[in-house]
Amino acid sequence: FMQSSDRRYESARQIERQARILTCAREMLDESGYEGLVIRDLAKRAGVAAATIYNLYGTKDGVILESLRDLLDQVGDEIQKRVSEDPVADLIMSCEVMTGQIQLTPQYAAAMTRAALMANNNPALTQTLIGRDIPFYYECLSRLQAQKKLKGKFDLEELATQFSAHSWGLVIFWMTAHVELEELVNQRVWAMKLMLAGVVTETVRAGLLK
């Protein structure tokens, strides 16, 4: 896997060309999913040479990553808008927002997950997809610790990583037809509550599982 180039575009034409490629990629993902995004067909649809796409993004996964980066940023912005003074509520809210987006754009979510599974230990891809949630989880856990709502001393970075891994695991379960799409929000919220129940104080735990 090659990372997409961090190029500086010097003309409006080059900027427009990149935007057109990414728009067409999103359309193809929405229509046909991961398998339906073929570089040759994308090039034809966007009116560029296939070599141009490979030079810009390296591989198909590079195109997917770049084409969905804006969507991921929008989800992150929406979560930040809803942050409250209660870190437990914020962790649950983040599950609702992220999974709600999956329900709105399931083909995108499936393509991102497929790309992550095929990343072959590529840090750029896994950090953008799986690692995006970790700083938010870490921040919420840090607030819980400051509020003395954790029942012991934990490696918060490792705990945040585990939270992210569990969340992505449920998305994989959905992709493999073990969880229905309409149940995904409830399943992720319940999973988050169960994970929190193992690390918070009894008072907080009682409120989570009632």
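Above: the structure in question.
Being a predicted model, the structure only gives us computed values, none of them experimental.

With the rule as written, the count across this model stands at two aromatic pairs. The interplanar angle of 65° and the centroid separation of 6.0 Å between the aromatic rings of Tyr137 and Phe163 together place this pair among those described as edge-to-face. Here Tyr137 is found in helix α8 (residues 134–146), whereas its partner Phe163 is found in helix α9 (residues 156–175), with 26 residues between them in sequence. Neither Tyr137 nor Phe163 differs from the other in exposure class; each is buried. An aromatic cluster is built from Phe136, Tyr137 and Phe163, whose rings are joined through pairwise contacts. Here the guanidinium or amino end of Lys60 rests over the ring plane of Tyr34, the centre of that ring lying 4.1 Å away.

So, on to the layout of surface pockets. Reported here for the largest pocket is a volume of approximately 430 Å³. Residue lining of the largest pocket: 23 residues in total, with Leu72, Val75, Met98, Arg132 and Asp133 positioned closest to the centre. Elements with a contribution of two residues or more to the lining of the largest pocket: α4 (60–81), α5 (87–104), α6 (106–117), α7 (123–129), α8 and α9. Top contributing element to the lining of the largest pocket by residue count: α4, with six residues. Considered class by class, the residues forming the lining of the largest pocket number 13 nonpolar, seven polar and three charged.

Counting 29 residues, the largest nonpolar core has Leu91, Tyr137, Leu144, Phe163, Met192, Leu196 and Val200 as the members making the most contacts within it. Counting residues per element, the ones that place at least two in this core are α4, α5, α8, α9, α10 (184–197) and α11 (202–209). Sort the elements by how many residues they give to this core and α5 lands first, with seven residues. Those residues in contact with Phe163 that sit more than four places away from it in its chain are Leu91, Tyr137, Leu141, Met192, Met195 and Leu196. By size, the runner-up hydrophobic cluster in this structure holds 25 residues, among which are Ala25, Leu42, Ile64 and Leu68.

Criteria and cut-off values
- Residues numbered from 1 in each chain as written.
- Predicted model: local features only at pLDDT ≥ 70, side-chain atom pairs only at ≥ 80, totals over all residues.
- Heavy atoms only, no water.
- Phe/Tyr/Trp six-rings, centres within 6.5 Å; stacked < 30°, edge-to-face > 60°.
- Helix = DSSP H or I, 4+ residues; strand = E, 2+ residues; numbered from the N terminus.
- Buried < 20%, exposed > 50% of the residue type's maximum accessible area, 1.4 Å probe, protein only.
- Lys NZ or Arg CZ within 6 Å of the ring centre and 35° of its normal.
- 1 Å grid on protein atoms, 1.4 Å probe; cavity = no way out; pocket = protein on both sides within 12 Å on 5 of 7 lines; lining within 4 Å.
- Points joined across faces, edges and corners; volume = space filled by probe spheres on them.
- Nonpolar A, V, L, I, M, F, W, Y, C, P; charged D, E, K, R; others polar.
- Core = buried A, V, L, I, M, F, W, Y, C linked by side-chain atoms within 4.5 Å.
- Contact = heavy atoms within 4.5 Å.

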